[in-house]
Structure formats: structure tokens, C-alpha cells
Amino acid sequence: MHNEDRLQPSDIMVLNPNFHFRWEEPQQSHVLLYPEGIVKLNATAAEILEMCVMRGLTVAEGTEQLAHRYDGADLMSDVMQFMELAYAKGWIRPKS
Amino acid sequence: MPKAGSGLSLDGLGMPLWLVVELTYKCPLKCPWCSNPVDFDRYRNELSTEEWKDLLREGRRLGSLQLGFTGGEPTLRKDLEELVDEANRLGYYTNLITSGVGLSPQRVRDLKRAGLKQVQLSLQSCDSELSEKLVGLDVFAHKIEIARTIKAEGFPMVMNVPVSRYNIDQTEALIDLAADLGVEYLEFANLQYYNWALINRADLLPTRQQLKQSEAAVAAARERLGKRLTIYFVVPDYFDERPKACMNGWGAIHLTIAPDGTALPCQEARLIKDIDFPNVREHSLDWIWRESPAFRRFRGDDWMKEPCRSCDDREKDFAGCRCQAFLLTGDAANTDPVCSKSPHRYLIDDILLEAENRQERAGADALIMRARCRS
């Protein structure tokens with residue numbers, strides 16, 4: 001991390017170790033479970049988390065992989081926006 | 001419990017996402033704000049290990065995700081580890097809500113092995129003298145030892161502080177203690193006035209000035225500590241103009257099972273005397289949640305009266321708390337009297353005024369401690 005609160009595309013982010021990320025069949029959605037909390041993720045958020053956090057890639061690499069699914073669209077600003085939010089909420093943190 | 005201020009309004013698609021199991025009402029502590037029924041000793045007919053396991057399976061089938069083991073003191077049940085193990089296997093995120101009394105370092109390790117995910121430990125004060133006054137037993141040193149063990153075992157931990165006028169001035173010291181212990185979440189749970197807390201309300205309510213100072217200390221600490229420590233501040237709703245969005249609505253996402261198997265939309269609901277709450281020994285959980293008259297009684301907003309019926313906030317606050325409406329106005333379908341639009345708001349204002357003007361007492365001696373004789 002170059003700066004404590006600004007994410008960079010070259011960062012590798014990981015899931016907060018106290019969080020669990022999984023598909024929940026009855027809800028038909030991905031969820032984040034953490035101490036006394038639940039977040040239901042929409043399909044886009046879940047896809048970004050899955051690609052840009054759960055695979056150990058840098059944010060830029062994850063975004064590039066995602067772009068392949070969407071005809072090479074430029075997703076960087078959307079991804080960064082979500083990642084900033086997830087970081088601010090403490091769902092994800094920089095890999096140490 | 002969902003945290004006030006989390007800003008999350010969770011659509012559970014009609015499923016009981018939060019399952020709270022009160023394994024027993026027994027507890028060695030005597031907290032004068034206990035949320036258990038005042039006549040807790042009447043409910044000795046606790047569900048067996050197998051009955052709890054059946055219930056956990058049914059809960060998962062209904063879509064429950066978060067599971068809270070609570071009480072009374074849940075660690076008094078010898079089968080806690082076995083139930084945690086089963087819950088973990090079923091896919092719940094398992095939370096233990098405990099006073100720490102009844103836990104030993106070895107038991108903390110056993111629970112970790114059984115798959116427990118998180119521990120919420122209550123702490124009433126940062127010094128042993130006040131702690132003993134408030135809970136009736138000398139358990140402070142033990143609680144701290146257990147807190148350290150919980151962290152050493154790698155659990156995420158919520159330190160829960162039930163806040164009254166007796167400990168609210170320790171806000172800053174409690175924050176320092178939480179930071180020192182390395183807990184992730186600190187919850188200042190200003191008391192909600194039901195059951196035992198209601199009996200002691202006149203004595204427990206903080207003053208507005210105390211509340212303001214406490215909030216300022218929390219704000220400063222959030223600034224200072226950042227992501228190291230998440231501090232929840234559950235406001236005492238009496239001091240608010242708008243009612244709390246209690247339970248995210250009646251029968252919306254919360255399901256509590258009392259020690260005797262009674263199913264409740266919240267842990268206090270049993271105090272609404274004119275509702276016959278169903279029991280898991282007699283009905284399927286599916287029927288209880290979807291069909292039972294008790295759970296349908298205040299679901300949605302068809303039941304609402306004025307001023308809620310025509311109020312735009314009804315989808316945000318669900319008319320507040322049914323239990324509070326029942327306790328203070330005599331009718332659970334009334335608007336929560338905390339709401340400034342309620343014709344009963346004066347009741348709350350009178351209570352607050354009384355707290356501001358009460359004579360200062362030296363200690364906590366006036367409190368009526370939780371005890372069996374009261375039952």
C-alpha cells in the first residue's frame with residue numbers, strides 16, 4: 001500500500017480473516033458472514049470479490065480477467081469503486 | 001443482534017436469517033438489567049441436546065445463517081460444544097454470547113476446536129469493585145483472563161458493555177481496555193428497558209449530560225483508533241426522537257428460541273401477555289415462522305394504527321418496538337412511545353425528567369438484583 005487509505009491497482013487485497021464469503025442457496029446470492037453480521041452481495045459485487053480478492057491477484061490483474069468476460073470492457077473504475085467501499089467497510093485488507 | 005447504526009436494512013427474503021437460541025435461563029450472575037423474564041425460574045423445562053439439534057437443522061432449512069448461543073449463561077449447558085459442533089457442520093456462522101463465567105481456558109480451546117466462529121463477552125466495568133457491585137459476584141479478573149484466552153485462540157471478539165449511569169463515565173477507560181485486549185469490536189449497549197432493566201429503570205438511566213460525554217469519547221476514539229477497533233454505540237432509544245427499527249420488523253429476519261422451546265420474534269416478546277407463542281415441541285419451525293398467528297401478528301404494516309399508518313417512516317422503523325408499546329401504553333399495536341409523533345411520548349419525557357432530577361445515591365445499593373425470589 002502506498003498510502004493507508006488509497007487503494008492502487010497494483011495492490012493485492014485479501015478477505016478479512018474474520019469474514020466468510022460463500023454462496024448461500026436459500027438466498028440465491030453470495031453472502032459475507034462475520035461476527036454478528038451478514039452482508040448479501042449482488043451479483044456484480046460477488047463477481048468482483050471472487051476475481052479480485054479471492055484469487056490472490058492484484059486488483060489490476062483481477063480486473064483484466066473480469067474484462068475478458070465482458071468483451072474487454074474497461075471495468076477499472078467500477079472495480080476500484082467497489083474495492084474502496086469494501087476496504088472502507090473492513091471486508092478486505094491489503095495482503096501483508 | 002444487528003447493530004444500530006450499521007445502516008443495513010437486510011432483506012431476508014422472508015427467511016429467519018438470525019437464529020438466537022437461549023440454551024438456559026440459568027446464570028450465576030445477578031445483573032439488575034437482565035433481559036430474561038423476571039419469572040425466569042418458571043422455565044426449567046429446557047430442550048434436550050437432541051431437541052436443540054433438530055431445531056438447528058430445521059433452522060438451516062428455513063435459511064438461517066447467523067446463530068447466537070445465549071442464555072442465561074449458555075456455557076452452563078454441558079452440551080454446548082456438541083451443539084456448536086453440529087451448528088458448524090450445518091453451515092451456521094456461530095456466535096457465543098457469554099459472561100465468561102463458566103468458561104475456562106481449556107473450554108475456550110474446546111469450543112474453537114468445535115468450530116465456534118466468534119465470542120461476544122460482556123464486561124460491565126474496567127475495575128473489579130464496580131463490576132462486583134453491578135453483577136453481584138467477584139468475576140472481573142476471571143473475565144479478563146477469559147478475554148485474553150479468547151484472543152490467544154484467534155477468535156474475533158466483541159466486547160459488550162451494558163451501559164447504565166453507573167458505568168457510562170468509564171467509556172474512555174473501557175475503550176482503552178478493549179484496545180489493550182486487542183478485541184476487534186466494542187459494543188456500548190445502552191440498556192433497553194424491559195424485564196429486569198425496567199424494574200431498575202429509574203436508577204439505571206444515564207443523564208443526558210453523561211450520554212453526551214460518552215458519545216464524544218466514542219467519536220474521539222473512532223478517530224484515534226480507526227480500523228483497529230470498531231466501536232458500536234447502541235443509543236438508548238428513550239433519548240431519541242425516532243423509534244429504533246426493532247428487530248428489522250416483527251417476524252422479518254429474527255427468530256429466538258427460549259430455553260423451553262418457545263419461539264419468539266425477539267428475546268423480550270414473551271412479555272406481551274396476550275400473545276400465545278408457539279413451541280417447537282408442538283409445531284414445526286416452518287409452520288411457526290410462516291403460519292403461526294404469533295409471528296404474523298405484526299408482520300408487514302397492515303396492523304399499524306395512526307400515526308404510523310400514514311407515516312412515511314413506517315418502512316424504516318416498522319413502528320418501533322412492540323414490547324415497548326405494550327409495556328408503556330398497554331397495547332402492543334400502538335406506536336412505540338419513543339416516537340415524537342406518538343401521543344404517548346410524554347411518558348418517556350416524564351421518565352427522563354425524573355432521571356435528571358433524581359437524588360444522587362452513593363453506590364449501586366438501590367438496584368434490585370436478578371434473583372429467583374423475584375420470580
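Residues numbered from 1 in each chain as written. Chains lettered and ligands numbered in written order. Predicted model: local features only at pLDDT ≥ 70, side-chain atom pairs only at ≥ 80, totals over all residues. Heavy atoms only, no water.

Enquirer: I tried to follow the state of the cysteines on my own but got confused; where do I start?
Expert: In a disulfide, the sulfur atoms of two cysteines are held together by a covalent bond. All names here are of chain B. The full count for this structure, using the stated rule, is 0 disulfides over all chains. Of all cysteine sulfurs in the structure, the one in cysteine 311 sits closest to cysteine 339, which takes part in no disulfide; the separation is 6.4 Å. Under the relative-accessibility criterion, cysteine 339 is labelled buried at 5%. (Disulfide = S-S within 2.5 Å. Buried < 20%, exposed > 50% of the residue type's maximum accessible area, 1.4 Å probe, protein only.)

Enquirer: Please explain the sheet that holds strand S9 (residues 263–264) of chain B as it appears in this structure.
Expert: Note on sheets: strands pair through backbone hydrogen bonds, and any given pair is parallel or antiparallel. All names here are of chain B. Taken in spatial order, the 9 strands line up as S7-S6-S5-S4-S3-S2-S1-S8-S9 in an open sheet, and their pairing is mixed. For this open sheet the edge positions go to strand S7 (230–234) and S9, each flanked by a neighbour on one side alone. Pairing of strand S1 (residues 18–22) with strand S8 (residues 254–257), which is carried by 4 bridges, proceeds in the parallel orientation. Within S8, the residue paired with tryptophan 18 across the bridge is histidine 254. The strands touched by helix H5 (residues 140–152) within the sheet are strand S4 (118–122) and strand S5 (157–163), with S4 carrying the most contacts at an inclination of about 165°. (Pairing = 2+ DSSP bridges. Helix = DSSP H or I, 4+ residues; strand = E, 2+ residues; numbered from the N terminus. Contact = heavy atoms within 4.5 Å. Axes fitted to C-alpha atoms, helices over the stretch in contact; angles between N-to-C directions.)

Enquirer: Could you clarify how one ought to interpret the interface of chain A and chain B in this entry?
Expert: Interface size, as often reported, equals the accessible area lost upon joining of the parts. In this assembly, 19 residues from chain A lie in contact with 26 residues from chain B. Of the roughly 1,900 Å² buried between chain A and chain B on both sides combined, carbon and sulfur atoms contribute 56%. The salt bridge involving arginine 60 of chain B is made with glutamate 24 of chain A; its shortest N-O contact spans 2.8 Å. Run the count over chain A and chain B and you get 9 residue pairs in polar contact (both at pLDDT 80 or more). Elements with a contribution of two residues or more to the side of chain A that touches chain B: strand S2 (20–24), strand S3 (29–34), strand S4 (37–41) and helix H3 (76–88) of chain A. With 4 residues, S4 of chain A is the single largest residue contributor to the side of chain A that touches chain B. For the side of chain A that touches chain B, the per-class residue count stands at 10 nonpolar, 4 polar and 5 charged. (Buried area = accessible area lost by both parts, 1.4 Å probe. Salt bridge = Lys/Arg side-chain N within 4 Å of Asp/Glu carboxyl O. Polar contact = N/O pair within 3.5 Å; in protein donor to acceptor, adjacent residues only side chain to side chain. Nonpolar A, V, L, I, M, F, W, Y, C, P; charged D, E, K, R; others polar.)

Enquirer: Looking at this structure, I do not really get the confidence of the model for chain B. What am I missing?
Expert: Close inspection of predicted coordinates is inappropriate for parts of the model with low pLDDT. Across chain B, pLDDT averages 93, with 95% of residues at or above 70. Taken over the whole predicted complex, pTM reads 0.92, whereas the ipTM for its chain interfaces reads 0.85. (pLDDT = per-residue confidence, 0-100.)

Enquirer: Quick question: what am I supposed to make of the sheet that holds S3 of chain A here?
Expert: All names here are of chain A. One open sheet holds the 3 strands; their spatial order is S2-S3-S4, and the pairing between them is antiparallel. Looking at which strands have only one partner, the edges of the open sheet turn out to be S2 and S4. Strand-to-strand, the axes of this sheet are offset by a mean angle of 30°, without reference to chain direction. With 5 bridges joining them, S3 and S4 adopt antiparallel strand pairing. Paired with valine 31 across the bridge in S4 is lysine 40. Running at roughly 100° to S4, helix H1 (residues 43–52) makes contact with S2, S3 and S4 of the sheet.

Enquirer: So what exactly am I meant to see when it comes to the nonpolar core here?
Expert: Generally speaking, nonpolar side chains in soluble globular proteins are found buried as a group. Formed by 110 residues in total, the largest nonpolar core has its most connected members in Phe69, Met159, Phe188, Tyr238 and Ile257 of chain B. Counting residues in each nonpolar core, the second largest holds 31 residues, with Cys52, Leu75, Ala86 and Tyr87 of chain A among its members. (Core = buried A, V, L, I, M, F, W, Y, C linked by side-chain atoms within 4.5 Å.)

Enquirer: It is not clear to me how the packing of aromatic side chains should be interpreted in this structure. Could you clarify?
Expert: Residues and elements named next belong to chain B. Tallied over the full model, the rule gives 11 aromatic pairs over all chains. Between the aromatic rings of tyrosine 25 and tyrosine 43, the centroid separation amounts to 5.8 Å while the plane-to-plane angle is 70°, which identifies the pairing as edge-to-face. Residue tyrosine 25 is located in the loop between S1 and helix H1 (49–61), and its partner tyrosine 43 is located in the loop between S1 and H1; the two are separated by 18 residues in the primary sequence. Comparing tyrosine 25 with tyrosine 43 shows no difference in burial state: the two are buried. Between tryptophan 289 and phenylalanine 295, the aromatic rings sit 5.7 Å apart at their centres with planes inclined by 50°, giving tilted as the arrangement. Taking the relative accessible area as the measure of exposure, phenylalanine 295 reaches 0% and is therefore buried. Chaining the aromatic ring pairs together yields one cluster made of Trp250, Phe277, Phe298 and Trp303. (Phe/Tyr/Trp six-rings, centres within 6.5 Å; stacked < 30°, edge-to-face > 60°.)

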